[in-house]
Amino acid sequence: MELNILIAGVGGQGNLFASSILAEYVLKKGYKVFAVETIGAAQRGGSVVSHLRISDAEIYSPLILAGKVDILMGFETIEMLRNFELLAGDGIYLLNDYKEPTVLCNMEMDAYPSDEEIRAALKKSGKKGYIIKATECARKIGGSLLTNVVMVGALCQVSSPFDSQEVKQVLAGKSPARAKEQNLQAFDAGGSLIQEAMRKA
Amino acid sequence: MAEQEYLMGNEAMGRGAIEAGVKVVAGYPGTPASEVLEYVSKYPDVHAEWCINEKVALEICMGASLCNVRSMAVMKHNGTNVALDFMMHLNYTGVRGGLVLISGDDPAGISSQNEEDSRIITRLDAHLPVFDPWCPQEAKDMVKAAFDLSEEMELCFVVRPVARVCHGRSMVSLEEIKKGGESHFEDDRSRFIMSALMEVKDGAALNRPVVRHRWLNQKQAVLAKVMEESPFNHIEDGEGKIGLVACGIGYAFVKEAEKILGKKFPVLKLGTLPLPRNKVLQFAKKMDRLVVYEDSEAVVEGILKQLFYDEGLKVEVVGRSGFLPSEGELSATIAVKSLVELYPELEKKMPATVPLEMKVPIRTRTQCVGCQYRGLLHALKLTARKYKGVVTGDIGCYDAGSFPPLELQSTIYCMGSSIPMASGIAHSGYDRPVFAIIGDSTFFHNGVLGLLNAIHSGVDLVAIVCDNRTTAMTGFQPHPGSEINVRGEPAPAIDVARLATAAGATSARVVNPYDIPQCKEALEKAVKEKGVSVIVATMPCYLVARRTGELGFTPRKVVLDEERCNGCKICVTFFGCPAIHFSEGKATIDYGTCVECGMCVEVCKRGAITWS
Ligand SMILES: Cc1ncc(C[n+]2csc(CCOP(=O)(O)OP(=O)(O)O)c2C)c(N)n1
Ligand code: SF4
Ligand code: SF4
Ligand code: SF4
């Protein structure tokens, strides 16, 4: 068994928390884990990419090979698109329909791709995937900072070896007391969102 | 089974030092290495200290080593450059208590202003032994081994992890924590006085530097033996006559490539410098060609070529000098591609990638929404443009002022260059105002020397110190201007304005960087003065302030009047708060990200943005 998850987002979206929940769960299940994130521009609106590799055999490279990403989680739209080429032939993407314009887009020196363009390109790629409104959902629950948890909740419905109930317990254990309630709510909401998306697909 | 913990490479190295009984850990923040020191600071028996700069950190460690206790210096590659002068002396005297230097490299410069291979200065220049780990567990093992060997060999040992090892997270085994030794000092002037001093050695009069240089060279033979037996080097048999030399993180990528391609290659795994000579020769003799995978310069490749030349061994050696990319970081993808080039029949095993048919906009770094610097930078930009002046820059969050949309600073080099470069521009006879902008941590790091030099040289310039009370860019570490130390305990803070005044600056004005008119007024006055005028823009980093509740503004909703907005775009293309968007000829406020700092109210001269 080998599962490679790539989380692409922008600074402040909590890639690391999402990655560490998933890591803690699979470590408990006895798998090996090797993970890494690009940190540096994390706070100042830069791109942040987390690689999470899970396997029952030895893992050597912390970075996932191009073409070997099984699950591409996009916390932000163009950040996912930027890493799309890394997705395996049978890999799936899970996109949060949320757009954070770049500085150059704000200045109209660059154009943020339109929904039509994005959907067309994704369709043309032939890859399987789901688009959910995780940030919108997070805001309803308590704030956009919950986006990562919504996404993790969604992921657990589409990928083994994650068991929603068990991952939820890990999440509860890792949540600070004041955030626990909302985290668990966000996690469940992510599950519902993806189920709805799957029904529609 | 030994107890294990899921640790980041930096934490694993910190843990290794703790297990080895380290007593003094000193460093200066820098990605990728900062968390090593933060980790050890959780152990109350250890003296952990963020120092003013890396040279000072290494000097502190050597002081501790003189007293027979174990010490560790932590820095990133740029910092190792700063510490090099001292390093070029401590290699001659050697150490007493084990001294380990962690020098974190950032191939591809993901969080740095350059990419650099610090094995070159530490090994090829200072002739210190270097360990190059491939994963967090090995990084920890290397730190521990380095402490023991350092004491045994009386040499400072360097552990040089690359960013992917520093930031990699995996299970790491925990072992017993050894108790560190007690401090005791004994004089040995024949060793610890490095100076041009004649002494009689082996019957001949020799200068001290030559004597100590000879001592260092003689150590190399012993080191070679140690490395021959090191667990960090080994040979793996495989098919074919092309040997893969996997150094440091190169081992991770070579092993991953074997898995992908389903083929076992002959591999020489290397983690030490000097190299295990006999092991290398034993491996190379069976090969026609060697491919060296290393980050990021062709260091081992060069050493191998030299060795084979001396041995008269005919083996072709390729690597980062051309066959593999000479810039950027290695990856498993690069390793796979290179092996497919050597074994074309393996191409079918290469994972297919399908590029997305679409142009994806790039994302450049900027200041956070609500960052106190945005107001100061706006005022500086207005003033600099008005007088057609030049602004030199330095490293830190404020450096994003040099990218679009601000495009303010004209230079960025290394820490502390802004004021000296501004002085040079002024001394060249340039007849417009010259400004230098520098962060507080960078100011203390060595920027202060540039300031003192400028004052003494009689130059006319304006130096702006961005005093946010922290080293924000690298993760909010304290510095000598902060009121706390690494553990959050109170520490005496050094006041930049008082320091500048005492040094003889013409003026030292303290301004609130959120207050654009106040910043403008201070700049206007400073431009007209002779000598060095200092402006200290004091306000805690917004991200820190948001946490501690010390906000530099009273949050209040702002509104944009569409009727009044004439679409001039100044708020987005000149000022550039990311919470202001522009579409269909009008600016809009994105309330999802706006933090209500109100700076844009001052920026919009048409009065289209107002407090609600
Ligand atoms: C010699 C050296 N050491 C460390 C670093 C890493 N580094 C980058 S910016 C920075 C300091 C930033 O602090 P400050 O000047 O206070 O600016 P801020 O980010 O807080 O705005 C550091 C330590 C470096 N680039 N060079
Ligand atoms: S981290 Fe602090 S200093 Fe850096 S850009 Fe953000 S608010 Fe400004
Ligand atoms: S809000 Fe003001 S500054 Fe921004 S575009 Fe409109 S008129 Fe110009
Ligand atoms: S008030 Fe204006 S400058 Fe401040 S965050 Fe909001 S939009 Fe940006």
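Only a predicted model underlies this, so the values are computations on that prediction, with no experimental measurement involved.

Describing the overall build of chain B
- Assigned secondary structure in chain B consists of 21 helices and 25 strands.
- Relative to the 2.2 N^0.38 estimate, which gives 25 Å for 612 residues, the radius of gyration of chain B is 27 Å and therefore close to what a compact globule would have.
- Structurally, chain B occupies a C-alpha span of about 80 × 65 × 55 Å along its principal axes.
- Scored against the burial criterion, the 612 residues of chain B give a buried share of 59%.
- Positive and negative charge centroids in chain B, built from 67 and 75 side chains respectively, lie 3 Å apart.

As for the overall build of chain A
- Looking only at helices and strands, one finds eight helices and six strands in chain A.
- Counting from the amino terminus, chain A carries its helices and strands in the arrangement β-α-β-β-β-α-β-α-α-β-α-α-α-α.
- In terms of overall dimensions, chain A is globule-like: its C-alpha atoms have a radius of gyration of 16 Å, near the 17 Å expected for 201 residues.
- Here the C-alpha coordinates of chain A stretch approximately 50 × 40 × 40 Å along the principal axes.
- Looking at chain A as a whole, 62% of its 201 residues qualify as buried.
- Sequence separation of 24 or more characterises 64% of the internal contacts of chain A that already satisfy a separation of 6 or more.
- Total accessible area on chain A stands at roughly 7,800 Å², and carbon and sulfur atoms take up 49% of it.
- Taken as two groups, the 22 positive and 23 negative side-chain charges of chain A have centres that lie 3 Å from each other.

What to know about the site of ligand 4
- Around ligand 4, 13 residues are found, and the nearest of them are B:Cys577, B:Cys594, B:Cys597, B:Gly598 and B:Cys600.
- Per-class residue counts for the shell around ligand 4 are 11 nonpolar, one polar and one charged.

Quick look at the nonpolar core
- Judged by nonpolar contacts, the single largest core of 79 residues is most densely connected at B:Phe435, B:Ile437, B:Leu451, B:Ile464 and B:Val534.
- In terms of nonpolar packing, the next biggest core, distinct from the first, is built from 75 residues, B:Val25, B:Leu155, B:Val254 and B:Tyr293 among them.

Digging into the sheet that holds strand β15 (residues 289-293) of chain B
All names here are of chain B.
- With mixed pairing, five strands are arranged side by side in an open sheet as β11-β13-β12-β15-β16. Edge positions in the sheet fall to β11 (234-236) and β16 (316-318), since each of these pairs with one other strand and no more. Neighbour-to-neighbour, the strand axes of the sheet open up by a mean angle of 20°, direction not taken into account.
- Pairing of strand β12 (residues 242-247) with β15 involves five bridges; the strand directions are parallel. Looking at the pairing, Gly243 lines up with Leu290 of β15.
- Packed onto the sheet, helix α13 (residues 332-342) meets β12 and β15 and runs at close to 165° relative to β15.

A short note on helix α1 (residues 15-28) of chain A
All names here are of chain A.
- Between its first and last C-alpha atoms α1 spans 20 Å; for 14 residues at 1.5 Å apiece the expected length is 20 Å, and the two agree.
- Along α1, 10 of the 14 residues are buried, which leaves the element largely enclosed by surrounding structure.
- For α1, the full list of buried residues reads Asn15, Ala18, Ser19, Ser20, Ile21, Leu22, Ala23, Tyr25, Val26 and Leu27.
- Residue Gly30 follows α1 closely and has a positive phi angle near 95°.

Some remarks on the interface of chain A and chain B
- Taken together, the contacts link 59 residues of chain A with 59 residues of chain B.
- For the pair chain A and chain B, the number of links is eight salt bridges.
- Between A:Lys124 and B:Glu357 there is a salt bridge, with its nearest N and O atoms 2.6 Å apart.
- Scanning the region where chain A abuts chain B turns up 17 residue pairs in polar contact (both at pLDDT 80 or more).
- Secondary structure elements with two or more residues in the side of chain A that touches chain B: β1 (2-10), α1, β2 (32-37), β3 (47-55), α2 (77-82), α3 (103-106) and α4 (115-125) of chain A.
- Of the residues assigned to the side of chain A that touches chain B, the class counts are 31 nonpolar, 11 polar and 17 charged.

A few points about the pairing of strand β10 (residues 204-207) of chain B
All names here are of chain B.
- With four bridges connecting them, strand β9 (residues 198-201) and β10 associate as antiparallel partners. Residue Lys201 lies in a different strand from β10, and its bridge partner there is Ala204.
- Hairpin connection from β9 to β10: two residues lie between these consecutive antiparallel strands, with Asp202 at a positive phi of about 50°.

Structural notes on unusual backbone geometry
- The omega angle of the peptide bond from A:Ser160 to A:Pro161 is 5°, so this bond is cis rather than trans.
- Between B:Asp295 and B:Ser296 the backbone carries a cis peptide bond, its omega angle lying at 0°.
- Within the secondary structure, B:Ser296 sits in the loop between β15 and α12 (299-311).
- Its identity as a non-glycine residue notwithstanding, B:Phe476 has a phi of 70°, on the positive side.
- Tracing the backbone shows B:Phe476 in the loop between β19 (461-467) and α17 (496-503).
- On the accessibility criterion, B:Phe476 (21% relative accessible area) is partly exposed.
- With a phi angle near 65°, B:Glu596 is a residue other than glycine that sits in the positive phi range.
- Inspection of the secondary structure puts B:Glu596 in the loop between β24 (586-589) and α21 (599-603).

A short note on the side chain of B:Ser103
Residues and elements named next belong to chain B.
- Assignment of secondary structure puts Ser103 in strand β5 (residues 99-104).
- At a separation of 2.7 Å, a polar atom in the side chain of Ser103 contacts the side chain of Thr80.
- In this view, Ser103 contacts Met75, His77, Thr80, Ser118, Val158, Val159, Arg160 and Pro161; residues no more than four positions away in its chain are not counted.

Concerning helix α18 (residues 516-527) of chain B
All names here are of chain B.
- The first and last C-alpha atoms of α18 sit 16 Å apart over 12 residues, in line with the 16 Å expected at 1.5 Å per residue.
- Residues Ile516, Cys519, Ala522, Leu523, Glu524, Ala526 and Val527 constitute the buried set of α18.
- The secondary structure elements touched by the buried residues of α18 are α14 (373-386), β18 (434-439), β19, β20 (507-511), β21 (532-538) and α21.

Topic: the domain arrangement of chain B
- Split into domains, chain B comes out as domain 1 (4-228), domain 2 (234-349), domain 3 (373-548) and domain 4 (558-611).
- In this structure, domain 2 of chain B and domain 4 of chain B have C-alpha centres spaced 56 Å apart.

Analysis parameters
- Residues numbered from 1 in each chain as written.
- Chains lettered and ligands numbered in written order.
- Predicted model: local features only at pLDDT ≥ 70, side-chain atom pairs only at ≥ 80, totals over all residues.
- Heavy atoms only, no water.
- Helix = DSSP H or I, 4+ residues; strand = E, 2+ residues; numbered from the N terminus.
- Rg over C-alpha atoms; globule rule 2.2 N^0.38 Å.
- Buried < 20%, exposed > 50% of the residue type's maximum accessible area, 1.4 Å probe, protein only.
- Lys, Arg positive; Asp, Glu negative; His and termini not counted.
- Charge placed at Lys NZ, Arg CZ, Asp CG, Glu CD.
- Contact = heavy atoms within 4.5 Å.
- Areas by Shrake-Rupley, 256 points an atom, 1.4 Å probe, with all protein chains shown as cover.
- Near = heavy atom within 4 Å.
- Nonpolar A, V, L, I, M, F, W, Y, C, P; charged D, E, K, R; others polar.
- Core = buried A, V, L, I, M, F, W, Y, C linked by side-chain atoms within 4.5 Å.
- Pairing = 2+ DSSP bridges.
- Axes fitted to C-alpha atoms, helices over the stretch in contact; angles between N-to-C directions.
- Expected span 1.5 Å × (residues − 1).
- Salt bridge = Lys/Arg side-chain N within 4 Å of Asp/Glu carboxyl O.
- Polar contact = N/O pair within 3.5 Å; in protein donor to acceptor, adjacent residues only side chain to side chain.
- Domains from an automatic or database assignment.

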